[in-house]
Amino acid sequence: MEFTAKQIAELIGGRVEGNENAVVSAFAKIEEGRKGAISFLSNPKYTHYVYETESSVVLVNDDLELEHEVKPTLIRVKNAYEAVAKLLQLYEQMRPKKTGIDPLASISPKAHVGKDVFIGAFAVIGDGAVIGDGSQIYSHAVIGDGVKVGANCLIYPNVTIYQGCQLGNNVTIHAGSVIGADGFGFAPNAEGYDKIPQIGIVIIEDNVEIGANTCIDRSTMGQTVIHSGVKLDNLIQVAHNCEIGENTVMSAQVGLAGSTKIGSWCMVGGQAGFAGHINVADKTFVGAQCGVIGNTKGNGETLIGSPAMDPKVYFKGMAMLRRLPDMYKELSALRKEIEALKNK
């Protein structure tokens, strides 16, 4: 499908600079640009590529100042990154959705499947499960007994959703993720450990996206809750009875211990870890590999390091840490001087 620079500018509220009839039919990174492709420039580190790229059209920020003439047509927008995200969303929406039920799918006669649903080969839909209108369940996915999947959800291959869990509308779960496995609950006894039955469920609200091989455990009692708009990366562990607030985002390999409560609009870097039974306030920024072991102070706080601390304190500590070898030498020399004085 082809679009002109003028058509694209009208879609995203941009301003064309150059040939408004330049035609594009594909996306490309600016450093890998080619004729007929549209690219974008938002990071100043990549500015030099705008003079070299072969792309026909480039989205740029309004405030970009050119040092000399460029070959591609430019579309100036307030925020190039947001603009290309909008274009990619429109492109995705234009792609035809799969519909129909593969004859190799296993669907319980007690399940309810809505309109315009796609269910791939070897997918399993359990007793009493409900699949909302327009949802897509890919091959080898398992939708357990009593699971509720809302409208326009996208469940990729090999996703497993255990019994009783509930998904809202427009939820995407990528391949290999497990929703509703037992929480890690064991009581020690003289001979080993007694398993504590996990009788709760997982609730995932609207517009949530969950990356590949992420695990969200069912609660011991009650619910583990992922609120609307949350975006989870690959390989994340959410333990039993946790709650993640609206529009919070987490990078890969984050781990939440049981009963952790994360606020709304938080941003969590990769490999950060959270102790159990703590509360993280709204709009908290948690840096990569951060170890959060207690409640946070309030909105807008930034934490880095392990254990987590204010960045100013952390960087002061790191500056002192680099000086430790020299300080150790000085201390050893002072000890020798003191001993020499004592001997005199």
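Just so we're clear, the structure is a prediction, and the values are computed from it rather than from any experiment.

About the criteria used
Residues numbered from 1 in each chain as written. Predicted model: local features only at pLDDT ≥ 70, side-chain atom pairs only at ≥ 80, totals over all residues. Heavy atoms only, no water. Core = buried A, V, L, I, M, F, W, Y, C linked by side-chain atoms within 4.5 Å. Buried < 20%, exposed > 50% of the residue type's maximum accessible area, 1.4 Å probe, protein only. Contact = heavy atoms within 4.5 Å. Pairing = 2+ DSSP bridges. Helix = DSSP H or I, 4+ residues; strand = E, 2+ residues; numbered from the N terminus. 1 Å grid on protein atoms, 1.4 Å probe; cavity = no way out; pocket = protein on both sides within 12 Å on 5 of 7 lines; lining within 4 Å. Points joined across faces, edges and corners; volume = space filled by probe spheres on them. Nonpolar A, V, L, I, M, F, W, Y, C, P; charged D, E, K, R; others polar. Patch = residues over 30% accessible without salt bridge, like charges linked within 9 Å, V, L, I, M, F, W, Y side chains within 5 Å. Areas by Shrake-Rupley, 256 points an atom, 1.4 Å probe, with all protein chains shown as cover. Salt bridge = Lys/Arg side-chain N within 4 Å of Asp/Glu carboxyl O. Axes fitted to C-alpha atoms, helices over the stretch in contact; angles between N-to-C directions. Parallel < 35°, antiparallel > 145°, perpendicular 65-115°, else oblique. Expected span 1.5 Å × (residues − 1). Polar contact = N/O pair within 3.5 Å; in protein donor to acceptor, adjacent residues only side chain to side chain.

Novice: Whenever I open this one, the nonpolar core confuses me. Can you help?
Specialist: Where a protein is soluble and globular, its nonpolar side chains tend to be buried together. Core analysis: the largest hydrophobic core is formed by 49 residues, its most contacted members being I143, I161, I204 and F274. If we ignore the near neighbours within four places in the chain, the residues touching I161 are V142, I143, G144, V147, I155, L167, I173 and I179. Listed in part, the 15 residues of the second largest apolar core include I12, V57, V77 and A83.

Novice: What is the right way to read the sheet that holds strand β14 (residues 136–137) from this model?
Specialist: Within a beta sheet, neighbouring strands are joined by backbone hydrogen bonds and run either parallel or antiparallel to one another. In spatial order, the strands read β8-β11-β14-β17-β20-β25-β28-β31-β34-β37-β39; together these 11 strands make up an open sheet with parallel pairing. Of all the strands in the sheet, the pair left with one neighbour each is β8 (100–101) and β39 (302–303). Two strands pair when backbone bridges link them, and strand β34 (residues 267–268) and strand β37 (residues 285–286) are joined in this way by two bridges, in the parallel orientation. Of the residues in β37, the one forming a bridge with M267 is F285.

Novice: What is the right way to read the environment of F186 from this model?
Specialist: With respect to the secondary-structure elements, F186 resides in strand β22 (residues 186–189). Each C-alpha atom, one on F186 and one on P197, is 8.7 Å from the other, the two residues being 11 residues apart in sequence. Excluding its chain neighbours within four sequence positions, the residues that come into contact with F186 are Y193, D194, K195 and I196.

Novice: I keep staring at the environment of V60 and nothing clicks. Help me out?
Specialist: Structurally, the position occupied by V60 is in strand β6 (residues 57–61). Classification of V60 as buried rests on a relative accessible area of 0%. On a C-alpha basis, the gap between V60 and N79 in space is 7.6 Å, while along the polypeptide they are 19 residues apart. Among all residues touching V60, those that are not within four sequence positions of it are L41, L74, I75, R76, V77 and A80.

Novice: Sorry, what's going on with the layout of surface pockets here?
Specialist: By volume, the largest pocket amounts to about 720 Å³. Forming the walls of the largest pocket are 23 residues, and the residues nearest its centre are E92, Q136, L154, Y156 and T172. Here the lining of the largest pocket takes four residues from helix α2 (residues 80–94), the largest share from any one element. Class assignment for the residues of the lining of the largest pocket results in eight nonpolar, nine polar and six charged. Estimated volume of the second largest pocket: approximately 320 Å³.

Novice: What am I meant to see in unusual backbone geometry here?
Specialist: The general pattern is negative phi for most residues beyond glycine and trans for most peptide bonds. Residue P307 follows S306 across a cis peptide bond; omega there is 0 degrees. Following the sequence through the fold, P307 ends up in the loop between β39 and α3 (311–343).

Novice: What is the right way to look at a nonpolar patch on the surface in this model?
Specialist: Taken together, the side chains of M1, Y91 and M94 define a hydrophobic patch exposed on the protein surface, amounting to about 360 Å² of accessible area. Examined against the element boundaries, Y91 turns out to sit in helix α2. For Y91, a relative accessible area of 43% puts it in the partly exposed group.

Novice: Which parts of the structure should I look at to understand the sheet that holds strand β18 (residues 160–161)?
Specialist: Strand order in this open sheet of 10 strands is β9-β12-β15-β18-β21-β26-β29-β32-β35-β38, and the pairing throughout is parallel. Two strands close off the open sheet at either side, each with one partner strand: β9 (106–107) and β38 (291–292). With three bridges joining them, strand β21 (residues 178–181) and strand β26 (residues 215–217) adopt parallel strand pairing. Bridge pairing links A181 to D217 in β26.

Novice: Mind showing me how you'd approach the packing of helix α1 (residues 5–12) against α2 here?
Specialist: Describing two packed helices takes the angle between their axes plus the distance from one axis to the other. Look at α1 against α2: their axes get within 10 Å of each other, and the N-to-C directions meet at 105 degrees. Relative to α2, the element α1 lies roughly perpendicular. On α2, the residues touching I8, L11 and I12 of α1 are A83, K86, L87 and L90.

Novice: Honestly, the pattern of salt bridges in this entry has me stumped. Any pointers?
Specialist: Between side chains of opposite charge, a pair can form when the charged atoms approach closely. Considering all chains together, one arrives at six salt bridges under this definition. Of the charged contacts, one joins R15 and E17 as a salt bridge, the two residues approaching to 3.8 Å between their closest N and O atoms. The class for R15 is partly exposed, based on a relative accessible area of 44%. Overall, the relative accessible area of 29% leaves E17 in the partly exposed class. K195 is the partner of D182 in a salt bridge, and the nearest nitrogen-oxygen pair spans 3.0 Å. Placement of D182 in the loop between β21 and β22 and of K195 in strand β23 (residues 192–195) is noted, with a sequence separation of 13 residues between them. Overall, the relative accessible area of 36% leaves D182 in the partly exposed class. What emerges from the salt-bridge pattern is a single network uniting R15, E17 and R76.

Novice: What is the right way to read α3 from this model?
Specialist: Working note: α-helix, 3.6 residues per turn, so residues spaced by three or four point in the same direction. Between its terminal C-alpha atoms α3 stretches 46 Å, which fits the 48 Å expected from 33 residues at 1.5 Å a residue. The opening residue of α3 is D310, an N-cap whose side-chain oxygen sits 2.8 Å from the backbone nitrogen of K312.

Geometric values such as these leave the question of function open.
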